[in-house]
Amino acid sequence: MESEHVRIPLLNNGRKRMLYGYSSMSKWKLYTPGSIINQIICALLICFPVFSYGTCIGWMSPMTLLLQSKNSPKGVPLTDIEISWMASLPYLTCIPATYLMSYMGDTLGRKSTLLFMSAVNFTIWTLKICSMNIWVFIVARILVGITMAGACVTCPTYIKEISEDRIRGALGCWGALFTAVGSLFSYIIGDYLSYHQILYVLVAFPMIHFIVFLFMPDSPSYLVKEAKLEEAVKALAWLRCKDGSDPSIQMELERLMKEQKEDYENKEFMLKSIVTDKTLFKAFLIALVAAVSRELCGAVPIQNFAGDIFHLASEDNSSFALSPNKQAMMLGVVQLAGSLLASNVVEKCGRKWLMAITCLVSGLSMCVLASWFLIRDYNIITTAWIPVITLCLCIFCDAAGLMPITIVLTGEIFSFKYRGTVLATTMAIASVADFFQLLFFKPLANSIGVFYAFYFFGAMCLLTVVYVVLKLPETKNRSLEEIYEELKKA
């Protein structure tokens, strides 16, 4: 039985107009009622700013070589200090930007925030087209921190809120997939196009996305929060490919309204609510452990120092000798393969066991890599391909499990009210971990031995496996109420 507050907005003229529009889709036989095609279309478009973020990250690899060469388009090569600031600044600006994007998503809506991301992406490439001044590069890289925050906060939240439970996990993995595709795309065009040709290609994506996404619906959860019930029904009907009067649409609307009502009744400061509520705090710890373990799996420093590992491998076998950009392409392909696997198996394996298995493999590969460095320091003959294999395994596991599952989990174990804040908080802590890793990894590795660092990464992964097995509930195809019931019993 529908409640009166749900039925009222469906009895006015808006309902008639809505029913006509969505019944016409069935009449045209574009797709059958209940199809997931509109959710896929919307999720694809939501992920385009993530793709643009990936191109920003991938751009640094081929362009660092060019900008520091004698043929630099700037006229003079950039210094190591200038390049270092360009590479590290996004991780600093991402920390406050996570809260900015969370605030914008909750107040202005997911759609407006996503359009803002595309505008920022467009500005990044336009600045580089217009000037070669180092300070322009610095400003552009600062803006990358905003898109990084949006890719990890706004986009996964938006995808979760437009998706049905049966495909929520698969679509939630697309963020990692599109980041990998964007990075690989930059690696490839960086090898074949000129400096300015690359910029003209990359600036086109956010411009086109901004125009196309104007026709997409906002998050039904946000529309309910703003009491725009007719628009919420219209968005749900379009996303589910059903008529606005379909009972399942009404039930989903009632569920969203119930969720919003419960959130509204609890007006405490959100982080305070999370700390004081035992169930919410357990959920927050799960999200935090998942986010930090992803950053401490070794992928970040490995990606920055992959060239050294490939160089060591090529000393005994010339077949491993690759140019720096070809090395980046190899890692990009491995990362893409992992992301594709995650989107295909996350609904079959579930969140818990996919994360546990990828953590276990990553942890063991880091321990093997650390042992390889330790043996090499004692001048014992080692097999050159071992660091290459362990490098690829770590990157693959990061893309296949740790990166996507971290985001999917946070979206599934919190309601609309908390999702943005929790994602922003865990993302900020993860960014701090990334910054300090990039700042201290090489000095510490040179002073006390690189094998200590990789043993540390391996230990973090193996400890995460224990935590996941003992504490993490399976969230696959489960409602928030069901997940919280299990957390209460834990």
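In this text, all values refer to a predicted model and were calculated from it rather than measured experimentally. (Residues numbered from 1 in each chain as written. Predicted model: local features only at pLDDT ≥ 70, side-chain atom pairs only at ≥ 80, totals over all residues. Heavy atoms only, no water.)

**Quick notes on the overall build of the chain**
And then number 1: The helix and strand inventory of the chain stands at 24 helices and zero strands.
And then number 2: Considering the chain as a whole, with its 490 residues, one finds that 56% of them fall into the buried category.
And then number 3: Look at the contacts in the chain between residues 6 or more apart in sequence, and 82% of them connect residues 24 or more apart.
And then number 4: Taken as a whole, the chain presents about 21,200 Å² of accessible surface, with 67% of it coming from carbon and sulfur. (Helix = DSSP H or I, 4+ residues; strand = E, 2+ residues; numbered from the N terminus. Buried < 20%, exposed > 50% of the residue type's maximum accessible area, 1.4 Å probe, protein only. Contact = heavy atoms within 4.5 Å. Areas by Shrake-Rupley, 256 points an atom, 1.4 Å probe, with all protein chains shown as cover.)

**Some details on the confidence of the model for the chain**
And then number 1: With 84% of its residues at a pLDDT of at least 70, the chain reaches an overall mean of 80.
And then number 2: Confidence drops under a pLDDT of 50 for residues 1-29, and excluding neighbours within four residues, the segment shows 37 contacts in the predicted structure. (pLDDT = per-residue confidence, 0-100.)

**Here's the deal with empty space enclosed by the protein**
And then number 1: Throughout the structure, instances matching the rule amount to four cavities of 30 Å³ or more.
And then number 2: What the largest cavity holds in volume is close to 70 Å³.
And then number 3: Forming the boundary of the largest cavity are Pro 156, Ile 159, Lys 160, Arg 168, Gly 172, Ile 407, Val 408, Gly 411 and Glu 412.
And then number 4: Looking at the lining of the largest cavity, the element that brings in the most residues is helix H21 (residues 385-412), giving four residues.
And then number 5: Its residues assigned to classes, the lining of the largest cavity comprises four nonpolar, two polar and three charged. (1 Å grid on protein atoms, 1.4 Å probe; cavity = no way out; pocket = protein on both sides within 12 Å on 5 of 7 lines; lining within 4 Å. Points joined across faces, edges and corners; volume = space filled by probe spheres on them. Nonpolar A, V, L, I, M, F, W, Y, C, P; charged D, E, K, R; others polar.)

**Focus: the packing of helix H4 (residues 48-67) against helix H6 (residues 110-130)**
A packed helix pair is summarised by two numbers, namely the angle formed by the two axes and the spacing between the axes.
And then number 1: It is the contact of H4 with H6, at a shortest axis distance of 9 Å, that shows an interaxial angle of 30°. Considered as vectors, H4 and H6 are oriented roughly parallel to each other. Of the two elements, H4 crosses H6, and the hand of that crossing is left-handed. Taken together, the residues of H6 that come into contact with H4 (itself represented by Pro 49, Ser 52, Tyr 53, Thr 55, Cys 56 and Trp 59) are Leu 114, Met 117, Ser 118, Asn 121, Ile 124, Trp 125 and Lys 128.
And then number 2: Grouping the amino acids of the contact of H4 with H6 by side-chain chemistry returns eight nonpolar, four polar and one charged. (Axes fitted to C-alpha atoms, helices over the stretch in contact; angles between N-to-C directions. Parallel < 35°, antiparallel > 145°, perpendicular 65-115°, else oblique. Left-handed = near helix turned anticlockwise from the far one by under 90°.)

**Quick look at the packing of aromatic side chains**
And then number 1: Summed over the entire model, instances satisfying the criterion amount to 14 aromatic pairs.
And then number 2: Here the aromatic rings of Trp 372 and Phe 373 are separated by 5.2 Å at their centres, their planes lie at 85°, and the arrangement is edge-to-face. Each member of the pair Trp 372 and Phe 373 is classed as buried.
And then number 3: In textbook terms, an aromatic cluster arises when at least three aromatic residues are bridged by ring pairs, as seen for Phe 48, Phe 51, Trp 174, Phe 178, Phe 185 and Phe 205.
And then number 4: A cation sits over an aromatic face here: Lys 128 above Trp 59, 3.5 Å from the ring centre. (Phe/Tyr/Trp six-rings, centres within 6.5 Å; stacked < 30°, edge-to-face > 60°. Lys NZ or Arg CZ within 6 Å of the ring centre and 35° of its normal.)

**Section: the side chain of Arg 110**
And then number 1: Along the chain, the position of Arg 110 falls in helix H6.
And then number 2: Within polar-contact distance, the side chain of Arg 110 engages the side chain of Glu 161 at 2.9 Å. (Polar contact = N/O pair within 3.5 Å; in protein donor to acceptor, adjacent residues only side chain to side chain.)

**Some remarks on the environment of Pro 387**
And then number 1: Note that Pro 387 resides in helix H21.
And then number 2: Classification of Pro 387 as buried rests on a relative accessible area of 1%.

**What to know about the pattern of salt bridges**
And then number 1: Across all of its chains, the model carries nine salt bridges by this definition.
And then number 2: Residue Asp 398 is joined to Arg 294 by a salt bridge in which the shortest nitrogen-to-oxygen separation is 2.7 Å. With a gap of 104 residues between them, Asp 398 in helix H21 and Arg 294 in helix H16 (residues 278-295) connect regions that are remote in the sequence.
And then number 3: Of the residues examined, Asp 398 reaches a relative accessible area of 1% and is grouped as buried.
And then number 4: Residue Glu 412 is joined to Arg 351 by a salt bridge in which the shortest nitrogen-to-oxygen separation is 2.5 Å. Residue Glu 412 is located in helix H21, and its partner Arg 351 is located in helix H20 (residues 351-377); the two are separated by 61 residues in the primary sequence. (Salt bridge = Lys/Arg side-chain N within 4 Å of Asp/Glu carboxyl O.)

**Details of the nonpolar core**
And then number 1: Counting residues in each nonpolar core, the largest one holds 67 residues, and the members touching the most others are Ile 46, Trp 59, Met 86, Ile 124, Trp 125, Tyr 195 and Phe 213.
And then number 2: Residue contributions to this core peak at eleven residues, all from helix H7 (residues 134-152).
And then number 3: In contact with Ile 46, other than residues within four places in its own chain, are Leu 114, Cys 155, Tyr 158, Ile 159, Ile 162 and Phe 213.
And then number 4: With 49 residues, the next largest nonpolar core counts Ile 302, Cys 359, Cys 394 and Tyr 484 among its residues. (Core = buried A, V, L, I, M, F, W, Y, C linked by side-chain atoms within 4.5 Å.)

**A closer look at helix H3 (residues 37-46)**
And then number 1: Within H3, burial applies to Asn 38, Gln 39, Cys 42, Ala 43, Leu 45 and Ile 46. Projected down its long axis, H3 shows its buried positions confined to an angular sector of 165°, all on one face. (Arc of directions from axis to C-beta.)

**Structural notes on a nonpolar patch on the surface**
And then number 1: On the surface, Trp 353, Ile 357, Val 361, Trp 385, Ile 389, Leu 393, Val 466, Val 469 and Leu 470 cluster together into a nonpolar patch covering about 830 Å² of accessible area.
And then number 2: When contributions to the nonpolar patch are tallied by element, the ones reaching two or more residues are H20, H21 and helix H23 (450-471).
And then number 3: Position of Trp 353 relative to the elements: it lies in helix H20. (Patch = residues over 30% accessible without salt bridge, like charges linked within 9 Å, V, L, I, M, F, W, Y side chains within 5 Å.)

**As for H4**
And then number 1: The terminal C-alpha atoms of H4, which comprises 20 residues, lie 27 Å apart, in line with the 28 Å expected from a rise of 1.5 Å per residue.
And then number 2: A bend of about 35° at Ser 61 is the largest found in H4, and the proline Pro 62 appears one to four places after it. (Expected span 1.5 Å × (residues − 1). Bend = angle between axes of the 7 residues up to and from the residue.)

**Observations concerning the packing of H4 against H7**
And then number 1: Between H4 and H7, whose axes approach to 9 Å, the crossing angle comes to 135°. Taken together, H4 and H7 sit at an angle that is classed as oblique. For the element pair H4 and H7, the recorded crossing hand is left-handed. From H4, Val 50, Tyr 53, Cys 56, Ile 57, Trp 59 and Met 60 reach across to H7, where they touch Arg 141, Val 144, Thr 147, Met 148 and Ala 151.
And then number 2: Considering only residue class, the contact of H4 with H7 consists of nine nonpolar, one polar and one charged.

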